[in-house]
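If you want the building blocks of each chain, they are given just below.
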Amino acid sequence: MTRSAPRTRRLQRAAGASAAALLALSACSSSDSDTGKGPSASSSPELSGTVTVFAAASLQESFTTLGKEFEKAHPGTKVTFNFGGSDTLAASITSGAPADVFAAASTKTMALVTDSEDAASTPATFVRNRLEIATLPGNPDRITSLQDLTTSGLKVVLCDKTVPCGAAAQKALDTSGLKLTPVSYEQDVKSALTKVELKEADAAVVYRTDVRAAGDKVEGVDFPESAEAVNDYPIALLKNAPNPETAKAFMALVTSAEGQKVLSGAGFLKP
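The rules behind each value
- Residues numbered from 1 in each chain as written.
- Predicted model: local features only at pLDDT ≥ 70, side-chain atom pairs only at ≥ 80, totals over all residues.
- Heavy atoms only, no water.
- Disulfide = S-S within 2.5 Å.
- Buried < 20%, exposed > 50% of the residue type's maximum accessible area, 1.4 Å probe, protein only.
- Axes fitted to C-alpha atoms, helices over the stretch in contact; angles between N-to-C directions.
- Helix = DSSP H or I, 4+ residues; strand = E, 2+ residues; numbered from the N terminus.
- Parallel < 35°, antiparallel > 145°, perpendicular 65-115°, else oblique.
- Contact = heavy atoms within 4.5 Å.
- Nonpolar A, V, L, I, M, F, W, Y, C, P; charged D, E, K, R; others polar.
- Pairing = 2+ DSSP bridges.
- Right-handed = clockwise from strand over helix to strand, strands pointing away.
- Arc of directions from axis to C-beta.
- pLDDT = per-residue confidence, 0-100.
- 1 Å grid on protein atoms, 1.4 Å probe; cavity = no way out; pocket = protein on both sides within 12 Å on 5 of 7 lines; lining within 4 Å.
- Points joined across faces, edges and corners; volume = space filled by probe spheres on them.
- Lys, Arg positive; Asp, Glu negative; His and termini not counted.
- Salt bridge = Lys/Arg side-chain N within 4 Å of Asp/Glu carboxyl O.

### With respect to the state of the cysteines
Linking two cysteines covalently via their sulfur atoms produces the bond known as a disulfide. As enumerated under the stated definition, the model contains 1 disulfide in all. The residue that forms a disulfide with Cys159 is Cys165, at a sulfur-sulfur distance of 1.9 Å. Classification of the bridge connecting Cys159 and Cys165 rests on its S-S torsion, roughly -110 degrees, and on that basis the disulfide is left-handed. Comparing Cys159 with Cys165 shows no difference in burial state: the two are buried.

### Overview of the packing of helix H8 (residues 244–255) against helix H9 (residues 257–265)
Where H8 contacts H9, the axes come no closer than 4 Å and their chain directions differ by 60 degrees. Relative to H9, H8 is oriented oblique. Of the residues in H9, those in contact with Leu253, Val254 and Thr255 of H8 are Ala257, Glu258, Gly259, Gln260 and Leu263. Looking at the contact of H8 with H9, its residues break down into 4 nonpolar, 3 polar and 1 charged.

### Some words on the sheet that holds strand E10 (residues 231–237)
With respect to topology, 5 strands assemble into an open sheet ordered E2-E1-E3-E10-E4, the strand pairing being mixed. Bordering the open sheet on either side are strand E2 (77–84) and strand E4 (124–129), each of which pairs with just one other strand. Direction aside, neighbouring strands of the sheet carry axes that sit 20 degrees apart on average. Strands in contact with helix H3 (residues 86–94) are strand E1 (49–56), E2 and strand E3 (101–103); relative to E1, the strand with the most contacts, it is inclined by about 135 degrees.

### Observations concerning the pairing of E1
Examined bridge by bridge, E1 and E2 share 8 bridges and lie parallel to one another. Opposite Thr52, over in E2, you have Thr80 as the bridge partner. Crossover handedness for the path E1 to helix H2 (residues 60–73) to E2: right-handed. By the bridge criterion, 3 bridges tie E1 to E3 in an arrangement that is parallel. Residue pairing for E3: Phe54 is matched across the bridge by Phe102.

### Points about helix H4 (residues 107–115)
By the burial criterion, the buried members of H4 are Thr109, Met110 and Val113. Buried residues of H4 fall within an arc of 100 degrees about the axis and therefore sit on the same side. Projecting away from the buried face of H4 at angles above 90 degrees are the exposed residues Lys108 and Asp115. Looking at the buried side of H4, the elements it contacts are H3, E3, helix H5 (164–176) and E10. Once H4 finishes, Glu117 follows within two positions and takes phi at roughly 60 degrees, a positive value.

### Remarks on the confidence of the model for the protein
Per-residue confidence for the protein gives a mean pLDDT of 87; residues scoring 70 or more make up 83%. Overall, residues 1–44 carries pLDDT values under 50, and its contacts beyond four positions in sequence, including any with other chains, amount to 4 contacts.

### Quick word on unusual backbone geometry
One non-glycine residue, Arg142, lies in the positive phi region at around 50 degrees. In this structure, Arg142 sits in the loop between strand E5 (131–135) and strand E6 (156–159). Phi is positive for Lys199, close to 65 degrees, though the residue is something other than glycine. For Lys199, the location among the structural elements is in the loop between helix H6 (189–197) and strand E8 (203–207).

### A short note on the environment of Cys165
Note on placement: Cys165 falls in helix H5. With a relative accessible area of 1%, Cys165 lands in the buried category.

### Here we look at empty space enclosed by the protein
Scanning the entire structure with this criterion turns up 1 cavity of 30 Å³ or more. In this structure, the largest cavity encloses a volume near 60 Å³. Around the largest cavity, the lining comprises 13 residues; the ones closest to its centre are Ala56, Ala57, Gly84, Ala105 and Val163. A class-by-class count of the residues in the lining of the largest cavity yields 8 nonpolar, 4 polar and 1 charged.

### Side note on the layout of surface pockets
Roughly 300 Å³ of internal volume is contained in the largest pocket. The residue makeup of the lining of the largest pocket, split by class, is 7 nonpolar, 5 polar and 6 charged.

### Notes on the side chain of Arg130
Within the element layout of this structure, Arg130 appears in the loop between E4 and E5. Buried within the structure, Arg130 lacks any salt-bridge partner; Asp222 is the closest side chain of opposite charge, at an N-O distance of 4.5 Å. Once residues lying within four places of it in the same chain are set aside, the contact partners of Arg130 are Val206, Tyr207, Arg208, Asp222, Phe223, Pro224, Ser226, Ala227, Val230 and Leu269.

Next up, the structure:
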């Protein structure tokens, strides 16, 4: 009896220590769960699915880059784009085309969507853009001003007046008191620029971001009147967005410091 007493006491102490450890572990797990620090804490759902973005043609290069960055940061997501003239895109949206986000090249075009109550958020201006003259490489016609575009025999292309780049070009011409009859009006800025790239026109009035994106295919000529025709670019979540949460995250990237760096690198101005 005397010899077994110490052994019994040792077993009792071990059992007590195990019970205390279990209680401590249980309390720790409960505390972590309550404070949201443990593995049982609830977390926000991961982004997934496709985001469809309708965006002005001039955003093609920068938005494509941002789309790839977004997909890389959020595996399981996909960003698809429909680039074109802002007025055409707005008409598609108001006619019921499924899309999550609209990024327009002017507040006037965005108003077509907000007036029809097809926007779910208040549009926010995320960049601005100004015009530039795109000439053939080397500027063989020695164009140095907006007035030079009125030279007889010079083939000049403009965006249609209903498109933001065309409305801005017309405003610049009105400001300078110039009248210009182009060889064609194009439905978006990329189409106008392509005419020069293919040497079907001698010059076009486009955005400086498009001149930069074209590289050595064209040469850019700045003109002072462009300062009077700067376009604000608004972005908005659409009312019937199929994937609103992921769409909001893409919009957040566009307006973030990272997004602004990409846009500034493409030649856009800060809002």
